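Given next are the chains, with one letter for each unit.
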Amino acid sequence: MSVFIASLNSGSNGNCYYVGNSEEAVLIDAGIICRETEKRMGRLGLDMRRVKAIFISHEHTDHICGLAVLAKKYNLPVYITDNTRQHTALTDKHCVITFNANSQVSIGSLRVTAFSKYHDAADPHSFVVENNGITVGIFTDIGRACDNVIKHFKLCHAAFLEANYDEDMLLRGRYPWFLKNRIRGGNGHLSNTQSLELFTTHRPPFMSHLLLAHLSRDNNNPELVKELFSRHAGNTEIIVASRYEETAVYSIGNKFVQAPASRPQPVKVQQMQLSLF
Ligand SMILES: [Zn+2]
Ligand SMILES: [Zn+2]
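Conventions we followed
- Residues numbered from 1 in each chain as written.
- Chains lettered and ligands numbered in written order.
- Predicted model: local features only at pLDDT ≥ 70, side-chain atom pairs only at ≥ 80, totals over all residues.
- Core = buried A, V, L, I, M, F, W, Y, C linked by C-beta atoms within 7 Å.
- Buried ≥ 20, exposed ≤ 12 C-beta atoms within 10 Å, placed from the backbone.
- Helix = DSSP H or I, 4+ residues; strand = E, 2+ residues; numbered from the N terminus.
- Contact = placed C-beta atoms within 7 Å.
- Pairing = 2+ DSSP bridges.

Caption draft 1: The arrangement of the nonpolar core in detail. Within the largest apolar cluster, 72 residues are counted, with the highest numbers of intra-cluster contacts made by I5, V19, V26, I54, V136, A159 and L212. In terms of residue count, the dominant contributor to this core is strand β1 (residues 3-9) (5 residues). Ignoring sequence-local partners within four residues, the contact set of V19 consists of V3, I5, A25, V26, I28, V129 and V136.

Structure below.
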């Protein structure tokens, strides 16, 4: 059974990633408002009724700003650590479930594993989602490619991987020094170079899709990132997730791609396949 993935938005203005099979799905983070989440999923033909849970990586606004409303409206359980929860607007009326790093949570046949990482937040985690032998990783907001990140990246058939900034652009840019150092200091974000090194050194041969994520508006350039990674892509498809719109839905496990209705479709989609969403 294939796994379907999409970025609904990616960047410091909001993060929300969809991972699911034909029966159930999870959202990783809820950093865009509820209405926009619904609109973008609708354009992709993704049914909100298939979403069974939201997993939260950390409390920064770009990962939780739509959480309280979305979880309440659809009565969705929110998987979050206790420390992270303290910094959110979740109330007793929400269904909150605490997770522990390295223990698996089953959502139907999806198995979600959280692991801790370096990032300047209360209790930051990243996730891999496994379904019937296909593994998808969501690796954003990582200060460095630590052993945990590497261990899980090596298992992924597809990955959302942060490529936050170009080192020269950050250095020469308008950000104050304290912020530049916060971003690149090992507890902030991965640069294009660090991200590329992780990819070229640890990419497994079966990785079919790499979705570059959480690009800085001021210190990066999507074309630069696409060009940089494409040179080293081999048989991995390189996609840059946008700060402004959803990606297509990618099917991991076969070659089928569902494009948003508003954009040209890279692959002709048959009606029978559409029913999968
Ligand atoms: Zn972020
Ligand atoms: Zn963050």
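Caption draft 2: Representation of the pairing of strand β2 (residues 16-20). Burial of β2 is extensive: 5 of the 5 residues sit out of reach of the surface. In β2, alternate side chains face the same way, and those of C16, Y18 and G20 on one face and Y17 and V19 on the other are all buried. Both β1 and β2 contribute to a ladder of 5 bridges, which runs antiparallel. Within β2, the residue paired with S7 across the bridge is Y17. Where β1 hands over to β2, the hairpin turn is made up of 6 residues, of which G11 adopts a positive phi near 150 degrees. By the bridge criterion, 4 bridges tie β2 to strand β3 (residues 25-28) in an arrangement that is antiparallel. Pairing of V19 across the sheet is with V26, part of β3. Hairpin connection, β2 to β3: the antiparallel pair is bridged by 4 residues.

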